[in-house]
Amino acid sequence: MEATAKVTFVRIAPRKVKIVLDLIRNKPADEAMAILKYTPKAACEVVSKLLKSAMANAENKDMDVSKLYVDKCFVCQGPTLKRIRPRAQGRANRINKRTSHISITLKEME
């Protein structure tokens, strides 16, 4: 049995989230929470909230919370907000503000 949680349209670049997700993949859920708590990355706050949500979903499905581990976690790119930055001599540069869709799946260890 597995429990899943998703968050969409998070205003953080997918490549920054991927670094954090690689730290917790295939780890026990409580160890993953500890890793997220002490990692100084901006994405850790969002990912830890998502992990708590997945753990709550697992508890709702009558799964043993102490045996949970992070089975799958991935990030997909969401829509990009395109902004313009004025530059010298009437020119303009584009600023891409990227968004992310993050998914975490927890399973019970056998």
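Above this text is the structure in question.
What counts as what
- Residues numbered from 1 in each chain as written.
- Predicted model: local features only at pLDDT ≥ 70, side-chain atom pairs only at ≥ 80, totals over all residues.
- Heavy atoms only, no water.
- Helix = DSSP H or I, 4+ residues; strand = E, 2+ residues; numbered from the N terminus.
- Buried < 20%, exposed > 50% of the residue type's maximum accessible area, 1.4 Å probe, protein only.
- Areas by Shrake-Rupley, 256 points an atom, 1.4 Å probe, with all protein chains shown as cover.
- Lys, Arg positive; Asp, Glu negative; His and termini not counted.
- Charge placed at Lys NZ, Arg CZ, Asp CG, Glu CD.
- Patch = residues over 30% accessible without salt bridge, like charges linked within 9 Å, V, L, I, M, F, W, Y side chains within 5 Å.
- Salt bridge = Lys/Arg side-chain N within 4 Å of Asp/Glu carboxyl O.
- Pairing = 2+ DSSP bridges.
- Axes fitted to C-alpha atoms, helices over the stretch in contact; angles between N-to-C directions.
- Contact = heavy atoms within 4.5 Å.

1. A few points about the overall build of the protein
What the protein contains, in helices and strands, is three helices and five strands. For the protein, the spread of C-alpha atoms along the three principal axes comes to 65 × 25 × 15 Å. Relative to its full complement of 110 residues, the protein shows a buried share of 35%. When the accessible area of the protein is evaluated, it comes to approximately 7,200 Å², of which 49% is carbon and sulfur surface. Averaging the positions of the 23 positive and the 11 negative side-chain charges in the protein gives two centres separated by 21 Å.

2. Considering a positive patch on the surface
The grouping of R11, R15, K16, K41, K82, R83, R94, K97 and R98 at the surface amounts to a positive patch. Those elements that provide at least two residues to the positive patch are α1 (14–24), β3 (81–86) and β4 (92–97). Following the sequence through the fold, R94 ends up in strand β4. Taking relative accessible area as the criterion, R94 reaches 55% and is therefore assigned exposed.

3. A few points about the sheet that holds strand β5 (residues 100–108)
The three strands lie next to each other as β1-β5-β2, forming an open sheet whose pairing is antiparallel. Looking at which strands have only one partner, the edges of the open sheet turn out to be β1 (2–10) and β2 (68–77). Averaged over neighbouring strand pairs, the angle between their axes works out to 15° when direction is ignored. Two elements, β1 and β5, share seven bridges in a ladder whose sense is antiparallel. Of the residues in β5, the one forming a bridge with K6 is S103. Strands β1, β2 and β5 of the sheet are contacted by helix α3 (residues 43–60), whose axis makes an angle of about 145° with β1.

4. Focus on the pattern of salt bridges
Inspection of the entire model under this criterion finds three salt bridges. The salt bridge partner of K18 is D22, with a shortest N-O separation of 3.2 Å. Placement of both K18 and D22 in helix α1 is noted, with a separation of four residues, approximately one turn of the helix. With its nearest N and O atoms 2.6 Å apart, the salt bridge here joins D22 to R25. Linked through salt bridges whose partners overlap, the residues forming this network are K18, D22 and R25.

5. Looking at the side chain of S103
If you trace the backbone, S103 turns up in strand β5. Judged by relative accessible area, S103 falls into the buried class, the value being 7%. Residues within four places of S103 in sequence aside, it is in contact with A5, K6, L50, K72, C73 and F74.

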